[in-house]
Amino acid sequence: SQGRKGMDNEPVDDFKGLVCFRYTLNEDDMYRTFDRWDGLAAEPSPSSSSSSVDLASSGDDDSGAMAIIQPVGRDIVSSAALLRASASLRTKIRSRGGDEVYEWERWLRQELWIRNQQQSRQQQQQQTKNASDATSPQQQQQQQQPWQGK
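Residues numbered from 1 in each chain as written. Predicted model: local features only at pLDDT ≥ 70, side-chain atom pairs only at ≥ 80, totals over all residues. Heavy atoms only, no water.

In this section: the overall build of the chain. The helix and strand tally for the chain stands at five helices and two strands. Element order for the chain, N to C, with α for helix and β for strand: α-α-β-β-α-α-α. In the chain, once contacts between residues fewer than 6 apart in sequence are set aside, the share between residues at least 24 apart is 47%. Roughly 11,100 Å² of accessible area belongs to the chain as shown, and the carbon and sulfur atoms make up 49% of that amount. (Helix = DSSP H or I, 4+ residues; strand = E, 2+ residues; numbered from the N terminus. Contact = heavy atoms within 4.5 Å. Areas by Shrake-Rupley, 256 points an atom, 1.4 Å probe, with all protein chains shown as cover.)

A few words on a nonpolar patch on the surface. Together, Leu40, Val72 and Ile76 give the surface a local cluster of nonpolar side chains, amounting to about 220 Å² of exposed area. A relative accessible area of 32% means that Val72 is categorised as partly exposed. (Patch = residues over 30% accessible without salt bridge, like charges linked within 9 Å, V, L, I, M, F, W, Y side chains within 5 Å. Salt bridge = Lys/Arg side-chain N within 4 Å of Asp/Glu carboxyl O. Buried < 20%, exposed > 50% of the residue type's maximum accessible area, 1.4 Å probe, protein only.)

Under the criterion given, the structure shown has five aromatic pairs. Aromatic side chains Phe21 and Phe34 sit 5.8 Å apart centroid to centroid with 45 degrees between the ring planes, which places their arrangement in the tilted category. Taken together, the positions of Phe21 in helix α1 (residues 11-22) and Phe34 in helix α2 (residues 27-41) put the pair 13 residues apart, joining distant regions of the chain. By relative accessible area, Phe21 is classed as partly exposed at 32%. (Phe/Tyr/Trp six-rings, centres within 6.5 Å; stacked < 30°, edge-to-face > 60°.)

Next up on the list: α1. Residues Pro11, Val12, Phe15, Lys16, Leu18 and Cys20 constitute the buried set of α1. For α1, the elements touching its buried residues are α2, α3 (74-89) and α4 (100-134).

Attention now goes to the nonpolar core. Counting residues in each nonpolar core, the largest one holds 16 residues, and the members touching the most others are Phe15, Trp37, Trp104 and Trp107. Listed by contribution, the elements that provide at least two residues to this core are α1, α2, α3 and α4. Examining the composition of this core, we find that five residues originate from one element, α3, more than from any other. When near neighbours in sequence (up to four residues on either side) are disregarded, Trp37 contacts Val12, Phe15, Lys16, Val19, Cys20 and Val77. (Core = buried A, V, L, I, M, F, W, Y, C linked by side-chain atoms within 4.5 Å.)

Turning our eyes to something else, we now look at the packing of α1 against α2. For the pair α1 and α2, interaxial distance at closest approach is 8 Å and the crossing angle is 145 degrees. Counted together, Val12, Phe15, Lys16, Val19, Cys20 and Phe21 of α1 and Met30, Tyr31, Thr33, Phe34, Trp37 and Asp38 of α2 form the full contact between these two elements. When grouped by side-chain class, the residues that make up the contact of α1 with α2 number nine nonpolar, one polar and two charged. (Axes fitted to C-alpha atoms, helices over the stretch in contact; angles between N-to-C directions. Nonpolar A, V, L, I, M, F, W, Y, C, P; charged D, E, K, R; others polar.)

On to the environment of Pro71, then. Here Pro71 lies in the loop between β2 (68-69) and α3. With a relative accessible area of 8%, Pro71 lands in the buried category. In sequence terms Pro71 and Ala42 are 29 residues apart; their C-alpha atoms lie 5.2 Å from each other.

Right, let's get into the confidence of the model for the chain. In the predicted model, the chain carries a mean pLDDT of 80, and 71% of its residues have values of at least 70. When pLDDT is averaged over each element of the chain, α2 comes out on top at 95 and helix α5 (residues 137-143) at the bottom at 61. (pLDDT = per-residue confidence, 0-100.)

The final tally for this structure, using the stated rule, is nine salt bridges. For the salt bridge of Arg74 with Glu10, the shortest nitrogen-to-oxygen distance reads 3.6 Å. Of the two residues, Arg74 is situated in helix α3 and Glu10 in the segment before α1; the sequence distance between them amounts to 64 residues. Judged by its relative accessible area of 29%, Arg74 falls in the partly exposed class. A salt bridge links Arg22 to Glu105, with the shortest nitrogen-to-oxygen separation between them at 2.7 Å. Here Arg22, found in helix α1, pairs with Glu105, found in helix α4; they are 83 residues apart in sequence, far enough to count as distant. Because the salt bridges share partners, they merge into one network encompassing Glu10, Asp13 and Arg74.

Pasting the structure below:
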């Protein structure tokens, strides 16, 4: 527990809770994410590439491909999250003292906000496209303003 006497969990454990449960809406996705996190954070075996974890039984991912996860260990997961959050937030995140959990959550919220904005734009574009496809040429002519000509 890296010099954190009396603490049962590390900040990466709190981050796991945020990712797997707080910011995931669907219960099946929660447990699928939890299983994948555990597969990723497992200690890699010394026998190199033969240590991948097949999580096909936990379902397909969003792209329809089966999840094959290479275990890298908790320290690598924690370091990677710190680096990714630091780069995205454009700030140095202290990795001692537990403050990184707050920064990780801020990073997650930012990423989710960006993705929600992108999805909203895509949905609006699709709705606009569907609405324009639904109107017939006669209806479009009737909707023309006098200044548009015929």
